[in-house]
Amino acid sequence: MNPIAFDNSYARLPERFYATVAPTPVVAPRLLRLNAPLAVQLGLDADWLKDPEGVAMLAGNGLPVGAASIATAYAGHQFGGFSPQLGDGRAILLGEVVDRDGKRRDLQLKGAGPTPFSRRGDGRAALGPVLREYIVSEAMAALGVPTTRALAAVLTGESVRRETSLPGAVLTRVASSHIRIGTFQYFAARGDVEGLRLLADHVIVRHYPACTGEERYLALLEAVVAAQAALIAQWMTIGFIHGVMNTDNMSIAGETIDYGPCAFMDVYHPTTVFSSIDEHGRYAYANQPPIARWNLTRFAETLLPLLDDDIDKAVPIAQGALDRFDLQFQAHLIAGFRRKLGLATEEAEDVVLIKGLLDAMQDGEADFTLVFRRLSEEAGQDSAETCRSLFRDPVAFDAWEIRWRDRLRKEPASAEARRQAMLQVNPLYIPRNHQVEAVIEAAVERDDFAPFETLLGVLARPFEAQPGREDYERPPAVHERVLATFCGT
Ligand code: AMP
Ligand code: MG
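So, how was this worked out
- Counting of residues starts from 1 at the beginning of each chain's written sequence and follows it residue by residue.
- Chain A is the first chain written and ligand 1 is the first ligand written, with later ones labelled in order.
- Totals for whole chains, interfaces and linings use all residues, but because this is a predicted model, local features are given only for residues with pLDDT of at least 70 and pairs of side-chain atoms are given and counted only at 80 or more.
- The side-chain values count all of the structure's non-hydrogen atoms but skip hydrogen atoms and water molecules.
- Secondary structure elements follow DSSP: runs of H or I no shorter than four residues count as helices, runs of E no shorter than two count as strands, and numbering proceeds from the N terminus.
- Each radius of gyration is computed over the set of C-alpha atoms, and the globule rule expresses the reference value as 2.2 Å times the number of residues to the power 0.38.
- Using a 1.4 Å probe on the protein chains alone, a residue whose accessible area is under 20% of its type maximum counts as buried, one over 50% counts as exposed, and one in between counts as partly exposed.
- The contact criterion used throughout is that any non-hydrogen atoms of two residues lie within 4.5 Å.
- Where accessible areas are quoted, they stem from the Shrake-Rupley method and a 1.4 Å probe; at the residue level, only the protein chains shown are allowed to cover.
- For this count, His and the chain ends are skipped, Lys and Arg are scored as positive, and Asp and Glu as negative.
- Every charge is mapped to an atom, namely NZ of Lys, CZ of Arg, CG of Asp or CD of Glu.
- Residues enter patches when they are more than 30% accessible in relative terms and free of salt bridges; like-charged ones are connected within 9 Å and nonpolar ones (Val, Leu, Ile, Met, Phe, Trp, Tyr) within 5 Å.
- Salt bridges, as used here, are contacts in which a Lys or Arg side-chain nitrogen is within 4 Å of a carboxyl oxygen on Asp or Glu.
- One less than the residue count of a helix, multiplied by 1.5 Å, gives the span that helix is expected to have.
- Residues are classed as near a molecule or strand on a simple rule: at least one heavy atom within 4 Å of it.
- Residues adjacent in sequence count toward polar contacts only when both atoms are side-chain atoms; beyond that, a polar contact is any pair of N or O atoms within 3.5 Å, and within protein one must be able to donate a hydrogen and the other to accept it.
- Each residue gets one of three labels, nonpolar for Ala, Val, Leu, Ile, Met, Phe, Trp, Tyr, Cys and Pro, charged for Asp, Glu, Lys and Arg, and polar for the others, Gly among them.
- For the domains described, the bounds stem from an automatic or database domain assignment.
- Fitted lines through C-alpha atoms give the axes, limited to the stretch in contact for helices. The angle between two N-to-C directions lies from 0 to 180 degrees.
- Note that the term roughly parallel is reserved for angles under 35 degrees, roughly antiparallel for angles over 145, roughly perpendicular for angles of 65 to 115, and oblique for everything else.
- The handedness criterion is simple: a crossing whose near helix is rotated anticlockwise from the far helix by less than a right angle is left-handed, and one whose near helix is rotated clockwise is right-handed.
- Buried Ala, Val, Leu, Ile, Met, Phe, Trp, Tyr and Cys residues form a nonpolar core when they are joined through side-chain atoms within 4.5 Å.
- Classification of ring pairs uses Phe, Tyr and Trp, with its six-membered ring standing for Trp, and accepts pairs whose centres are within 6.5 Å; under 30 degrees between planes counts as stacked, over 60 as edge-to-face, and the remaining range as tilted.
- The criterion is that NZ of a Lys, or CZ of an Arg, lies within 6 Å of the ring centre and within 35 degrees of the ring normal, and then a charge sits over that ring.

It is worth spelling out the overall build of the chain at this point. Each helix and strand in the chain was counted, giving 17 helices and 12 strands. A compact globule built from 489 residues would reach a C-alpha radius of gyration of about 23 Å, and the chain, at 23 Å, matches this within 12%. C-alpha atoms of the chain, sized along the principal axes, occupy 65 × 60 × 40 Å. By the burial criterion, 56% of the 489 residues in the chain qualify as buried. A fraction of 71% describes how many contacts in the chain between residues 6 or more apart in sequence connect residues 24 or more apart. As displayed, the chain has an accessible area near 19,600 Å², and 53% of this comes from carbon and sulfur atoms. Counting 50 positive and 64 negative side-chain charges, the chain places the averaged centre of each group 1 Å from the other.

Here it is as structure tokens:
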């Protein structure tokens, strides 16, 4: 019997798009977690996946009938420097399934062993990064942010060597596709215009079917620009810092992908960086919008030969599409922050109002997530005392609050309706870095996965106060602060 109905469209592209490679079996697969609701959504049999046969597949020890088993080729700019060949060095695409909503989704094993793209790497993943990706990607999904998902995590029973010896694990990642800006760059770097056209056509069919007609490649560029503008604005409104916005880590489908040293900001500060490898703050919180635009410019460059045979005509066409990014991003950002402040209508003064709160938070070293949450809880009261207490020196906040309450008087909604609306967009629980680190430590040092399960349960309902889970709302105490995160590759 065939447990998975694969339909592998990427594997039907020419062979130069990928390498066919089987996962390398591991010694002792042990299922840590299966995301059963996601399995159901994908039309997979969750019980089968938990059985030894299913776990073997999730560990890379057995390929199901119909699997493609390929590592895809891509290139990319990493911290601004171009590598013409990267590719899936530790990930193997099992194949694609069509989910219950008719959406095509990739199933990929991350950490499944070496591929022709591994360069000097071992093709493996350590448990810590696998848990981090599981936690943060699932939290993002619950927060309503487009993202790859985590279907399963398994321990391999083998150790991987990083700075020390660590338990090895495999993550099953689910994505609308794993096509990146870097995938386009791979073909562009080789002058392979036919490959580019095939890739672009594949992406249009798969992600942007509304792009039709003679100008479909321009429409594709515009669609990707629009998707990224919306995505990055969502990151900014929840304080998410991706950490490695290299062009090979930017999904063409507009999903958040490649959770490495990512983290959520606690205290609001625009220059916040966590990634230990981001020495110059290239991917700091406030740099994410300009970096996204920079990445999209690299994408647009790859499309030039498809936009016009005459490069001098293609460049201004691409430029026009790119120029839309700033306006679209700003519009999404302001709309997002308006919702966070309980504003259903638009006033010219709103931009200054939003900036005023962020500035007060920066000066007052206030916790980004809690400020918005307490403001929501206290929106119906005369004063926001709990919110106020989050600011080291509340003078700026006090002045701001008066302006905010004045502004609210122009809103038609009742105070209670506004409070409810704000509670729906301002999460109480985010994957705080110190909590994620504590979960990883318990798992890696003590083989204790109870904290992992608890954290996942809390983060699955980020907008709902959960009695007894107050610890998970709390910003880190000074001694708990985690200042650096690691890729673990
Ligand atoms: P990432 O930092 O995960 O975006 O990966 C950047 C590139 O390095 C990709 O081509 C990965 O496939 C490759 N890579 C990362 N870790 C490993 C590893 N342990 N073994 C082989 N390749 C790796
Ligand atoms: Mg990557």
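It is worth spelling out a negative patch on the surface at this point. A grouping of D45, D47, D51 and E53 is seen on the molecular surface, where their side chains present a negatively charged patch. Within the secondary structure, D51 sits in the loop between α2 (46-50) and α3 (52-59).

For an α-helix, the turn length of 3.6 residues means that residues three or four places apart are oriented alike. The end-to-end C-alpha distance of helix α6 (residues 193-207), which contains 15 residues, comes to 20 Å, matching closely the 21 Å that a straight helix rising 1.5 Å per residue would cover. Along its buried surface, α6 packs onto β6 (91-98), β7 (104-110), α5 (181-189), α7 (216-238) and α8 (288-307).

Let's shift gears to the pattern of salt bridges. One pass over the full model with this rule turns up 42 salt bridges. Note that R432 and D266 form a salt bridge whose closest N and O atoms lie 2.7 Å from each other. Taken together, the positions of R432 in the loop between α15 (415-425) and α16 (433-446) and D266 in the loop between β12 (263-264) and α8 put the pair 166 residues apart, joining distant regions of the chain. Classification of D266 as buried rests on a relative accessible area of 12%. A salt bridge links R407 to D350; the shortest N-O distance between them is 2.6 Å. Here R407, found in helix α14 (residues 395-408), pairs with D350, found in helix α11 (residues 350-364); they are 57 residues apart in sequence, far enough to count as distant.

Our next topic: the site of ligand 1. Looking at ligand 1, there are 18 residues lining it, with G87, G89, R90, D122 and G123 nearest. A distance of 3.0 Å is found between an oxygen atom of ligand 1 and a side-chain nitrogen or oxygen belonging to R119. At a separation of 3.0 Å, an oxygen atom of ligand 1 approaches a polar side-chain atom of N249. A total of 480 Å² of accessible area belongs to ligand 1 in isolation, and the protein chains cover 86% of it. Here the residues of the shell around ligand 1 are counted per class, giving 2 nonpolar, 8 polar and 8 charged. Three or more residues apiece are contributed to the shell around ligand 1 by two domains, here domain 1 (10-175) and domain 2 (181-334).

Tracing the backbone through its elements, the reader meets N426 in the loop between α15 and α16. Exposure remark for N426: the relative accessible area of 0% places this residue in the buried category. At a separation of 2.9 Å, a polar atom in the side chain of N426 contacts the main-chain carbonyl oxygen of K340. Apart from residues no more than four positions distant in its own chain, N426 is found in contact with K340, F372, R373, S376 and F463.

Where helix α4 (residues 127-142) meets helix α17 (residues 450-459), the axes come as close as 9 Å, and the angle between the chain directions of the two elements is 15°. It follows that α4 is roughly parallel to α17 by the angle criterion. With respect to the hand of their crossing, α4 and α17 are arranged in right-handed fashion. Residues L131, Y134, I135, A139 and A142 of α4 form the contact with α17, whose own contacting residues are F452, L455, L456 and L459. A breakdown of the residues in the contact of α4 with α17 according to their chemical character gives 9 nonpolar, no polar and no charged.

In this section: the nonpolar core. A general tendency of soluble globular proteins is for nonpolar side chains to be buried together. Core analysis: the biggest nonpolar cluster contains 125 residues, and L107, L151, F184, L341, L357, M361 and L375 have the highest contact counts within it. The biggest single contributor to this core is α7, with 15 residues. In terms of domain composition, this core takes at least three residues from each of domain 1 (10-175) and domain 2 (181-334). The contacts of L107, once residues within four sequence positions are left out, are I4, F6, L42, L44, I92, L93, L94, G95, V97, L151, R173 and V174. Of all hydrophobic cores here, the second largest spans 27 residues; its members include I135, A150, L428 and L455.

A few words now on the packing of α5 against α8. Two packed helices can be described by the angle between their axes and the distance between those axes. In contact at an axis separation of 9 Å, α5 and α8 are set at 40° when each is read in the N-to-C sense. Here α5 is positioned oblique relative to α8, judged by the angle of their axes. Our pair here, α5 against α8, has a crossing hand that is left-handed. Here I181, F184, Q185 and A188 of α5 come into contact with α8, specifically with N295, L296, R298, F299, T302 and L303. Considered class by class, the residues forming the contact of α5 with α8 number 6 nonpolar, 3 polar and 1 charged.

This model, assessed by the stated rule, comprises 18 aromatic pairs. Ring geometry for Y268 versus F368: centroids 5.8 Å apart, planes at 25°, classification stacked. Remark: F368 occurs in helix α12 (residues 368-377) and Y268 occurs in the loop between β12 and α8; sequence separation between them is 100 residues. Across the pair, exposure class does not vary: Y268 and F368 are buried alike. Consider the rings of F337 and F372, whose centres lie 5.9 Å apart with planes at 40°: the pair is tilted. Highlighted residues: F337 in helix α10 (residues 324-340) and F372 in helix α12, separated in sequence by 35 residues. Residue F337 shares its accessibility class with F372, and that shared class is buried. Taken together through their ring pairs, the aromatic side chains of Y268, Y285, F337, F368 and F372 make up a single cluster. The lysine or arginine in question, R282, covers the ring of W294, its NZ or CZ lying 4.8 Å from the ring centre. When the ring centre of W294 is taken as origin, the NZ or CZ atom of R298, which lies over that ring, is 4.4 Å away.

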